[in-house]
Amino acid sequence: MEGPSLYLAAEQLQPFAGRRITGVSGNSKIGIERLAGLEVRQIFSWGKHLVFQFDTFALRVHFMLWGTFAATVEGQSVTGDYRRSGPPRLVLLFPNGEITIWAASVKFVEDANAKGAYDFSADVMSDQWNARAALAKLRAFPRAEIADVLLDQAIFAGVGNIIKNEVLFRTRVSPFAKISAISDRKLRAIVADARAFSFRFLELRRVFALRKNLEIYRKSTCPRCGGKIERRVHGQRARRSFFCRKCQAVRLTGSSRTPIRHSRSGTSSRTAPRRDGGGRPRRIRLRAQA
Ligand SMILES: [Zn+2]
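Parameters and conventions
Residues numbered from 1 in each chain as written. Predicted model: local features only at pLDDT ≥ 70, side-chain atom pairs only at ≥ 80, totals over all residues. Heavy atoms only, no water. Axes fitted to C-alpha atoms, helices over the stretch in contact; angles between N-to-C directions. Helix = DSSP H or I, 4+ residues; strand = E, 2+ residues; numbered from the N terminus. Parallel < 35°, antiparallel > 145°, perpendicular 65-115°, else oblique. Left-handed = near helix turned anticlockwise from the far one by under 90°. Contact = heavy atoms within 4.5 Å. Nonpolar A, V, L, I, M, F, W, Y, C, P; charged D, E, K, R; others polar. Pairing = 2+ DSSP bridges. Donors = N, O, S within 2.8 Å, 3.2 Å for Na, K, Ca; no water. Tetrahedral: all angles 85-135°; square planar, octahedral: opposite > 155°, others 65-115°. Buried < 20%, exposed > 50% of the residue type's maximum accessible area, 1.4 Å probe, protein only. Polar contact = N/O pair within 3.5 Å; in protein donor to acceptor, adjacent residues only side chain to side chain. Core = buried A, V, L, I, M, F, W, Y, C linked by side-chain atoms within 4.5 Å. Expected span 1.5 Å × (residues − 1). Bend = angle between axes of the 7 residues up to and from the residue.

Give a detailed account of the packing of helix α1 (residues 3-12) against helix α5 (residues 184-206), specifying residues and quantitative values.
With their axes 8 Å apart at the nearest point, α1 and α5 run at an angle of 55° to one another. Accordingly, the angle class assigned to the pair α1 and α5 is oblique. Crossing handedness for the pair α1 and α5: right-handed. Seen from α1, the contacting residues are P4, S5, Y7, L8 and E11; seen from α5, they are S198, F201, L202, R205 and R206. For the contact of α1 with α5, the residue count by class is 5 nonpolar, 2 polar and 3 charged.

Please provide a residue-by-residue account of the sheet that holds strand β3 (residues 49-53), values included.
Reading across the sheet, the 4 strands line up as β2-β3-β4-β9 and stay open at both edges, with antiparallel pairing between neighbours. Of all the strands in the sheet, just β2 (42-46) and β9 (105-109) have a single pairing partner and so form its edges. Mean inter-strand twist for the sheet, computed between neighbouring axes without regard to direction, equals 20°. Sheet topology note: the β3/strand β4 (residues 58-62) ladder contains 5 bridges and is antiparallel.

Mind laying out the coordination of the zinc ion, listing which residues take part and the relevant values?
Protein ligation of the zinc ion involves C222 (SG), C225 (SG), C244 (SG) and C247 (SG), the donor distances falling in the range 2.2 to 2.4 Å. If you look at the zinc ion, its 4 donor atoms make angles of 100 to 115° with each other, and the shape they trace is tetrahedral. What makes C244 buried here is its relative accessible area of 2%.

I'd like a rundown of the pairing of β2, residues and numbers included.
Across the 5 residues of β2, 4 count as buried, placing the element largely inside the fold. Between β2 and β3, which pair antiparallel and follow one another directly, the connecting turn spans 2 residues, one of which, G47, has a positive phi of 55°.

Lay out unusual backbone geometry in plain terms, naming residues and giving numbers.
In this structure, M64 is a non-glycine residue whose phi angle is positive, near 50°. By the secondary structure assignment, M64 is in the loop between β4 and β5 (68-73). Since its relative accessible area comes to 17%, M64 is described here as buried.

Tell me about the environment of L38, and name the residues and values.
Structurally, L38 can be placed in the loop between β1 (23-25) and β2. Since its relative accessible area comes to 26%, L38 is described here as partly exposed. The sequence separation of L38 and G18 amounts to 20 residues, and the corresponding C-alpha distance is 9.8 Å.

An account of the sheet that holds strand β6 (residues 76-77) is needed here, citing residue identities and associated values.
Spatial strand order, β1-β7-β8-β5-β6: 5 strands in an open sheet with antiparallel pairing. On the outer flanks of this sheet lie β1 and β6, each paired with one strand and no other. Looking at chain direction, strand β7 (residues 90-94) and strand β8 (residues 97-102) are connected through 5 bridges and run antiparallel. The partner of F94 across the bridge, within β8, is G97.

Give me the lowdown on the environment of E39, citing residues and values where you can.
In this fold, E39 is placed in the loop between β1 and β2. For E39, a relative accessible area of 24% corresponds to the partly exposed category. A polar contact of 2.9 Å, which involves the side chain of E39, links it to the side chain of R41.

Tell me what's going on with the nonpolar core, and back it up with residues and numbers.
Of all hydrophobic cores here, the largest spans 42 residues; its most connected members are L138, I146, F156 and I190. Elements with a contribution of two residues or more to this core: α2 (131-139), α3 (146-149), α4 (161-170) and α5. The biggest single contributor to this core is α5, with 8 residues. Once residues lying within four places of it in the same chain are set aside, the contact partners of I190 are I146, L150, V167, L168, T171, V173 and I182. Membership of the second largest hydrophobic core comes to 30 residues, among which are F16, L35, L50 and L90.

Can you explain α5? Please cite residues and give values.
For an α-helix, the turn length of 3.6 residues means that residues three or four places apart are oriented alike. Taking 1.5 Å as the rise per residue, α5 with 23 residues should run 33 Å; its terminal C-alpha atoms sit 33 Å apart, in good agreement. The largest bend in α5 amounts to roughly 30° and is located at D193. For α5, the full list of buried residues reads L187, I190, V191, D193, A194, F197, S198, F201, L202, L204 and R205. Where α5 is buried, its residues touch α1, α2, α3, α4 and α6 (210-213). Two residues or fewer after α5 comes F208, characterised by a positive phi angle close to 55°.

Tell me about α4, and name the residues and values.
The element α4 is largely enclosed, with a buried count of 9 among its 10 residues. For α4, the elements touching its buried residues are α1, α3, α5, α6 and β11 (239-243). R172 sits one or two residues past α4 and shows a positive phi near 60°.

Given below as structure tokens:
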């Protein structure tokens, strides 16, 4: 799930702020029993984190690539159309409803004010988002590929692979372009659109119309020139880029190729390495939650 989905989640879960947890279950091993009977003080999102603040500590949920959740308030579903599978990681029961979380990373943060530790100027969904600061941080990585840096949560908290691909297509920039090779005007456009498109993503998510309104992510034909949309796993993060060679002026070089990992048996494989935040390596073919 990307930033706008977390922003929406925090909004959908507000009916539980100020409410007491009456039951806890799930396969999480972090000691979730301590949540029973506690009152939720605040629910907020930062980037791809969803945080439940209690009196003396907080519960931080990171949905990684595969995590998802559902909630009901007074018997009505308040959440989206996310796919879910397997036993829940965490179920929180309240007098007015329940929250169920699957396949996410959950962690306790021993802080009575977890919100204070986050830099909201780096969150593309925040009122405190600082485009100028993001531009300065971008320029500190002249040799990095733009597709990699757009996924850096210290610069663009909340931007995931869908937003990355759409923003690069919308601004007509090659995902393989090095920061130093991109003009100031284009860099500013990318920074501005990282926020603008995130809000469009939010509005589409609200009405369950995200997938069909994407222009390039997982598409096959360029909506602008009718050419073929190509896909390639690349960069330090080994994430997939979708691109139109013509519209995004793509020039592929050796360093842009898929990193090949060598196994002990001497053969090569193209499975994705560990991603930020941990978790088991997975085949990229699986579709992440939006
Ligand atoms: Zn095109």
